Amino acid sequence: MKSSEWPLVIFTLAMQLSVGIMLIYDLFILFPLYRSRVALPMKYHWILLIALLAAIIGVIFSFLHLGNPANAPRSLSNIGTSWLSREISGVLIYSSLLLVTTILHFVMPSAGRSLKWLIDITAVAGIILIFIMSRIYMIPARPTWNTFFTPLGFYMAAIVMGASLLLLFQINQGSWASQKSLAVLTISIPVIQLALLPVYMSWLSQSGIASGQGLTILLQNHMIAFYLRLILYLLAIAFGFWAFFSIRSDTTQNRLLFTPALLAWAAILAAQIIDRLLFYAQNISPDGF
Amino acid sequence: MSTFGFFCDTSACSGCKTCQVACKDKNNLEPGIRFRRVYEVAGANWNKTEEGAWEHDIVAYNLSIGCNHCEDPACVKACPTKAMHAESDGMILVDSKICIGCRYCEWACPYGSPQYNEQKGIMQKCDFCRDYILEGKQPACVASCPMRALEFGQIGQLIEKHGDNRTIYPMPDPITKPALFIRKHPGARFARKLNASIINREEVRNEK
Amino acid sequence: MGKQNRREFIRKSAVAGGMVISSPVWFPDALGFNPGQAVAPGLAKNGWIRVGCPAHNCGGRCLLKVLVDDGIITRIETDDRPGDTPADPQLRACIRGRSYRRRQYHPDRLKTPLVRTGKRGEGKFREATWDEALGIMAAEMLRIRSKYGNESMFVPYGTGSYSHLNGRWPAARLMNFIGGALDYYNSYSWACISKATPTVYGTGITGNQRQDWLNSKYILMWGWNPAEMRDGTNSDYFIKKARENGARVVCIDPRMTFSAVSLADEWISIRPGTDTAMMSAMAYVMVMEKLYDIDFVRTHCLGFDSTQMPKGLENEESYVDYLLGKFDGQPKSPKWAAPITGVPSETITRIAREYATTKPAMLYQGYGMQRRAYGEQPVRGGCVLAAITGNVGIHGGWASGIAHQPGGEPFWSIFPTGTNNVQARIPTFLWTEAIIRGTTLTAKEGLTGVEKLNSNIKFIWSVASNILMNQHGNINRSGRILENESLVEFIVVQDQFMTSSAKYADLVLPVCTHFETWGLEDGWKYGEEVILMPQVVQPAFQSKSDYRICADLAAKLGVYDAFTEGLDEKGWTHKLWDQYRETRFHNLPPFEKFLESNQGVYSVPVFNPKISFQEFRNDPIGHPLQTPSGKIEIFSETLFQMGNPNEIPAVPKYIQEWESPFGPEASSYPLQAIGPHYMARVHSTHDNVDWLKEAFPQRVFINPIDANSRDLTDGDRVLVFNERGKISLPCRVTPRIMPGVVAVPQGAWSMPGPDGIDTNGNINALSSERWTPLAFGNAQHTIMVEIKKART
Ligand SMILES: Nc1nc2c(c(=O)[nH]1)N[C@H]1C(S)=C(S)[C@@H](COP(=O)(O)OP(=O)(O)OC[C@H]3O[C@@H](n4cnc5c(=O)[nH]c(N)nc54)[C@H](O)[C@@H]3O)O[C@H]1N2
Ligand SMILES: Nc1nc2c(c(=O)[nH]1)N[C@H]1C(S)=C(S)[C@@H](COP(=O)(O)OP(=O)(O)OC[C@H]3O[C@@H](n4cnc5c(=O)[nH]c(N)nc54)[C@H](O)[C@@H]3O)O[C@H]1N2
Ligand code: SF4
Ligand code: SF4
Ligand code: SF4
Ligand code: SF4
Ligand code: SF4
Ligand SMILES: [Mo]
């Protein structure tokens, strides 16, 4: 595995975690709360801060990936045709929105719910960003990446990392239902990822030399990582179930959720890291050129 | 857009890699950076006969590629900084003063042409020996070929002389419209059937 | 970049990045190479200079154009003379010539004389001044000469330089001024072919000028690989031209060489060491189907069948007798040959028919198949096939054998070495025997000039050679012999790098490169040309030219004036140039004028290629060959009289090699290993050049079938071993080599680890010191090995 791609692994995962947090927060926590008139406690704003932190880490690592970061501002000059240019713009827009949102929430903690539109916008920007990010990899010269599995994988990574993290947060003001939904997401995405694996692999094996070589990379060169990821998926599912059954409507009992949620989150993060490393290991040109 | 192109006669290319080194000498390239690469394609079935002899249906040929200065260059489209750009004469060049070293052009190019210089943190690439061409000389690689298997010229003239074939197994479909014209080695016809592949990967790529 | 800038760049990048500069070779001045001085008088200081490639012994002779900037070579290009016609083609350099800056400015260039401090072979030295070093050397020479005599002194085979006044020739000359030294004959290159060819034709001049290849309609490249081992600059290109003229080309080689890939219409994979079996079967087909040239055989040949045997030997085995199995009961049919050669019988039959019926046809033999056990046989076999198909003495034909060109072979070196007062000569390959048991050698071991030697070899002065510990058979044995200081008492190695041989020296002398001194070259086997090699830059560090070292040593030995004749390197180059003008190239421009023209090469276009044996063909009686019978000797009475029919038969025969897949050794070592000459090197020269290693890394090439059965995947580090040694290197799994055969390109520097395993892949750790019966030649391609995955 090329060491030079670690920064990309961290950058993409950090951005996706950030977007995932915003998305899940918006849909599964804020949205149910929206109609009730409860004021948002400080803990909720910390969530934004975590998303912001993830985005900042992402941005820093995106710089580390560059050979010559001094010229980075130039990277916006080809939005016309370059998905990378678009990605960098996207990262800037999303991060700025998130920054503004977070600052406003902290500056005016009581204004919380009336600023929901800002969170909506940030989340939408995040969704678009992930699409752009995936488009970078969808190029004919990289047949193993040039498939809808790429955006699918990116979105799933965002959702599952966001959901499991928020589950860990045990937002007990949230409805019992939203906690259960987070747990369901934590379980079902790894299930889907597991289920898609054979589909992806059979696609690889059927589509030409480069992709066939991709299969070899998975099953031979990175065999250990490949199976470790399977185990981590299974662990994540198991912990997810444990978490699911630990959720009580009685919010005072929610302490029980912490341990399984933490374990699930750790398994998921580890699985996504390996998943992403394997993704970059699949960086192969058509037919060896 | 593009006006110049290369011609590679794969039926005569011996794989000697003189072109590769002529280029390295001209451009002072570290080991690991190859503006020009020579790919060795081979495939065969070997069978022992009843007599105890060996039968084979081998195909093998070599293919020398620099940058194809494509008419529809994926690298240029991908580059976020426009460091990778097309000159008015169609040559695709990297402006190292602008390049951020994101390596995206490297992913986008189907031919492995952009070469990352780790020490300098920037992308480098065959510049068609632009200085030579402007002086009316041949590119260093072309002038070096002991088999006289490489040529360079105006795209129109090359097509007239050698036809408009821009691919040979296992090169990808010429979607970028590479300005590389190829005379096919006769064996190439059977290459797909024999599951031939590039067998000298370590010599043409840096797989770390 | 000017000098100042270059230096500054170095400093900046080194400091700024806090990093080590991994390849500083483009900044030679920063490495301490002597820049900034005008080059030798008589030449422009800066700009492009045309000069011969420091060819070493590469098999080519090409023209380079070097760009000199501030006393440093900053670029290397090649022949750009307009025209480039087959009559006078450009001499385009190969990958090695184009990489030369990386050798020229290699950080490991030897800088000062070195005196051994550790044990022999340990590689421990201290620096010394020239005065001290040559003082020690002169004293040792005089001591050993007075104790053991001149026959104990030896300047071994060494091909590092064919730039005429460099390399071993000045050393040989100096020895001759102090009473001479033990001499050798024959070569590592073509011992068998140069010995065996005259047994058929009475001469080694059996080729046609190369332009004549364009007249051929059928070319058998038999173990010949001009696209990888240069066999004359442009030979591969001439085959391309011949094909354009309609020739069909078939390559017979255990490997699908680059020649087979790019020059041939068909590749026939043959088991190494079995060529004579296939040749015999082809002749069998020609006899059975009456496809041979019956008239030509009748009028020009001897010993074909029982009707044309020499007087008194009528009842001995003729060639046809052998083919039909009249004596041994075994017809040499394609069915017989198929399991031996690995070539299907139908293929043998078809090739026999094609070669016999397509006229004119060439059978060109490479030299690899004669660097083998019984290497004399395929040479004679090839010659006989050429003869019985009537391809001798005609345009587009080819008589086979060593095939030097009519009009004379190149001079190689015309530097006058003087006369050797020592008459004794040993076969090149037997120098280790002359060390351990020189005084017991006789004519049986090829000793000539004397009945017996007075002494074993006691003094070795190895110049431009890596024979001692790299290029000879079974170097682990060589190491044990050289280690023993009571055998050879003093060893001097004169080279540009600390080679594996230099590690075994008592004294190492640093030599400058060909760019740093004067010289000249002529074509390698082919090519009517003289190439001038003016000095273009200053010698690096304290290195000196071979000539200068010898001259300085001559001073210590008191023969300076006789040795130098008052001339320096340029003076000698001038003198040799004039000699060419007098003897070979009468229109050669005067030296100074040519030098000024910066033309580099003088070549004579060949419009009407000369043909060997034309007169003999037209009139065999009036122009007989120099063989005893005056005819083409398919049956050689001379060989017959040697009385060793099993190893030196009178007609060419297939003889199972002493290490073979059919012998008992195959049960432990089932794979045949061959050591082809590699693109990345000239023998061991260039092995430390990074651009060449990058392009052609040292690998053992193995067929997927053999790899699979050993559980090897491409790139795995493997151990290749037999009873003589072990080497470890990565494998390249490739269908371009036949099953049962592996190839380890010869010449990698021997780099044994503490466990004795060479980790750089020198095949001579596996090869043998056994010599061939007739030519006393090296059989270094005859090796059986086994391979397994290396630990680590
Ligand atoms: N690049 C390069 N060129 C060189 C040299 C070099 O070191 N490097 N050295 C030069 C010198 S000094 C010499 S003497 C010549 C040597 O020239 P050669 O002796 O002809 O070269 P080799 O590579 O030993 O052998 C030529 C071919 O013979 C094949 N071969 C080996 N054994 C057999 C056999 O039993 N039967 C058949 N049919 N084929 C066999 C090998 O696979 C190889 O492809 O090359 C010269 N040219
Ligand atoms: N197994 C196996 N062994 C072989 C062969 C084979 O096919 N297989 N081939 C054999 C053949 S054909 C040959 S010709 C021999 C060649 O064997 P050698 O004649 O020993 O040739 P090299 O190994 O190139 O060593 C030449 C040395 O000269 C040095 N040198 C270069 N230029 C100069 C100079 O100007 N002056 C001085 N003083 N030194 C210089 C180089 O650095 C190098 O160390 O190897 C033989 N060995
Ligand atoms: S070959 Fe690759 S780098 Fe060159 S122009 Fe085409 S896409 Fe760009
Ligand atoms: S590495 Fe440089 S040239 Fe390539 S895409 Fe990035 S900025 Fe453009
Ligand atoms: S055109 Fe010039 S830069 Fe491009 S591959 Fe050839 S020598 Fe190298
Ligand atoms: S120099 Fe010519 S023959 Fe050699 S690899 Fe390059 S294109 Fe092929
Ligand atoms: S063939 Fe020989 S002389 Fe010619 S460039 Fe190569 S090494 Fe030099
Ligand atoms: Mo040789």
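Reading guide: rules and limits
- Residues numbered from 1 in each chain as written.
- Chains lettered and ligands numbered in written order.
- Predicted model: local features only at pLDDT ≥ 70, side-chain atom pairs only at ≥ 80, totals over all residues.
- Heavy atoms only, no water.
- Helix = DSSP H or I, 4+ residues; strand = E, 2+ residues; numbered from the N terminus.
- Buried < 20%, exposed > 50% of the residue type's maximum accessible area, 1.4 Å probe, protein only.
- Contact = heavy atoms within 4.5 Å.
- Lys, Arg positive; Asp, Glu negative; His and termini not counted.
- Charge placed at Lys NZ, Arg CZ, Asp CG, Glu CD.
- Polar contact = N/O pair within 3.5 Å; in protein donor to acceptor, adjacent residues only side chain to side chain.
- Pairing = 2+ DSSP bridges.
- Patch = residues over 30% accessible without salt bridge, like charges linked within 9 Å, V, L, I, M, F, W, Y side chains within 5 Å.
- Areas by Shrake-Rupley, 256 points an atom, 1.4 Å probe, with all protein chains shown as cover.
- Salt bridge = Lys/Arg side-chain N within 4 Å of Asp/Glu carboxyl O.
- Disulfide = S-S within 2.5 Å.
- Near = heavy atom within 4 Å.
- Nonpolar A, V, L, I, M, F, W, Y, C, P; charged D, E, K, R; others polar.
- Phe/Tyr/Trp six-rings, centres within 6.5 Å; stacked < 30°, edge-to-face > 60°.
- Lys NZ or Arg CZ within 6 Å of the ring centre and 35° of its normal.

Engineer: Help me out: how do you make sense of the overall build of chain C in this one?
Structural biologist: If you tally the helices and strands in chain C, you get 25 helices and 26 strands. Residues classed as buried in chain C amount to 68% of the 792 residues present. The contacts in chain C between residues at least 6 apart in sequence include a share of 74% that link residues at least 24 apart. Within chain C, the 82 negative side-chain charges are centred at a point lying 3 Å from the centre of the 85 positive side-chain charges.

Engineer: Would you mind showing me how to read the environment of C:His514 here?
Structural biologist: Residue and element names in this part refer to chain C. Positionally, His 514 belongs in the loop between strand S16 (507-510) and strand S17 (519-522). Using a relative accessible area of 5% as the deciding quantity, one classes His 514 as buried. As a C-alpha pair, His 514 and Cys 53 span 461 residues in sequence and 8.3 Å in three-dimensional space. If sequence neighbours within four positions are ignored, His 514 has contacts with Pro 54, Ala 55, His 56, Gly 160, Ser 161, Ser 163, Asn 166 and Met 533. Within the structure, the side chain of His 514 is placed 3.0 Å from the side chain of Ser 161, a separation counted as a polar contact.

Engineer: Even after reading the chapter, I still don't get the pairing of strand S1 (residues 4-9) of chain B, so can you show me in this structure?
Structural biologist: Regular strands show a simple pattern: their side chains alternate between the two faces of the sheet. Residues and elements named next belong to chain B. With six of six residues buried, S1 is to be regarded as a mostly interior element. Strand direction decides the pairing type here: S1 and strand S10 (residues 150-154), joined by five bridges, are antiparallel. Counterpart to Phe 7 in the pairing with S10 is Glu 151. Across four bridges, the pairing between S1 and strand S11 (residues 180-183) is parallel. Bridge pairing in S11 links Asp 9 to Arg 183.

Engineer: What is the right way to read a nonpolar patch on the surface from this model?
Structural biologist: All names here are of chain A. Together, Leu 99, Ile 103, Val 107 and Met 108 give the surface a local cluster of nonpolar side chains, amounting to about 350 Å² of exposed area. With respect to the element layout, Met 108 can be found in the loop between helix H3 (83-107) and helix H4 (116-137). Judged by its relative accessible area of 36%, Met 108 is partly exposed.

Engineer: It is not clear to me how unusual backbone geometry should be interpreted in this structure. Could you clarify?
Structural biologist: Across the chain, the bulk of peptide bonds are trans and the bulk of non-glycine residues have phi less than zero. The amide bond that connects B:Tyr169 to the next residue, B:Pro170, takes the cis arrangement and shows omega of 0°. Residue position: B:Pro170 is located in the loop between helix H6 (155-162) and S11. Cis rather than trans, the peptide bond between C:Lys359 and C:Pro360 has omega equal to -10°. Note on placement: C:Pro360 falls in the loop between helix H13 (345-357) and strand S12 (361-365). Within the chain, B:Phe128 stands out as a residue other than glycine whose phi angle is a positive 65°. Along the chain, the position of B:Phe128 falls in the loop between strand S9 (122-124) and helix H4 (130-134). Taking the relative accessible area as the measure of exposure, B:Phe128 reaches 2% and is therefore buried.

Engineer: Where do I start with the state of the cysteines in this structure?
Structural biologist: Each disulfide is one covalent bond, formed between the sulfur atoms of two cysteines. Residue and element names in this part refer to chain C. Overall, the coordinates contain zero disulfides over all chains when judged by the stated rule. Here Cys 192 stays unpaired: no disulfide links it, and the sulfur of Cys 383, its closest cysteine neighbor, is 12 Å away. Cys 192 gets classed as buried once you look at its relative accessible area, which sits at 1%.

Engineer: Is there a simple way to think about the site of ligand 1 in this case?
Structural biologist: All names here are of chain C. Close to ligand 1 lie 36 residues; Cys 58, Asp 253, Gly 273, Asp 275 and Arg 371 are nearest. Measuring from a nitrogen atom of ligand 1, one finds a backbone N or O atom of Glu 228 at 2.9 Å. Residue Gly 368 places a main-chain N or O atom 2.8 Å away from an oxygen atom belonging to ligand 1. Contact with the protein chains removes 100% of the 910 Å² of surface that ligand 1 exposes when unbound.

Engineer: How should the site of ligand 2 be read in this particular structure?
Structural biologist: Residue and element names in this part refer to chain C. Among the 35 residues in the neighbourhood of ligand 2, the closest are listed as Thr 159, Asp 495, Asp 546, Ser 684 and Thr 685. Between ligand 2 and the protein, one listed contact pairs a nitrogen atom with a backbone N or O atom of Gln 494 at 2.9 Å. The side chain of Asp 495 places a nitrogen or oxygen atom 2.6 Å from an oxygen atom of ligand 2. For ligand 2, the accessible surface in isolation is 920 Å², of which the surrounding protein chains cover 99%. Residue assignment for the shell around ligand 2 shows that the elements contributing at least two residues are helix H16 (467-471) and strand S15 (490-495). Of the residues in the shell around ligand 2, the class split is eight nonpolar, 23 polar and four charged.

Engineer: Teacher, can you tell me more about the packing of aromatic side chains here?
Structural biologist: For any pair of aromatic rings, the description consists of the separation of the ring centres together with the inter-plane angle of the planes. Under the criterion given, the structure shown has 72 aromatic pairs over all chains. Consider the rings of B:Trp46 and B:Trp54, whose centres lie 6.2 Å apart with planes at 75°: the pair is edge-to-face. Residue classification places B:Trp54 among the buried residues on the basis of a relative accessible area of 11%. With a centroid separation of 5.1 Å and an interplanar angle of 20°, the aromatic rings of C:Tyr364 and C:Trp398 are classed as stacked. Highlighted residues: C:Tyr364 in strand S12 and C:Trp398 in the loop between helix H14 (376-388) and strand S13 (425-427), separated in sequence by 34 residues. Residue class for C:Tyr364 comes out buried when judged on its relative accessible area of 1%. Taking NZ or CZ as reference, C:Lys332 lies 5.9 Å from the ring centre of C:Trp336, over its face. The aromatic ring of C:Phe721 is capped on one face by C:Lys788, whose charged end is 5.3 Å from the ring centroid.

Honestly, it's all geometry; don't read function into it.
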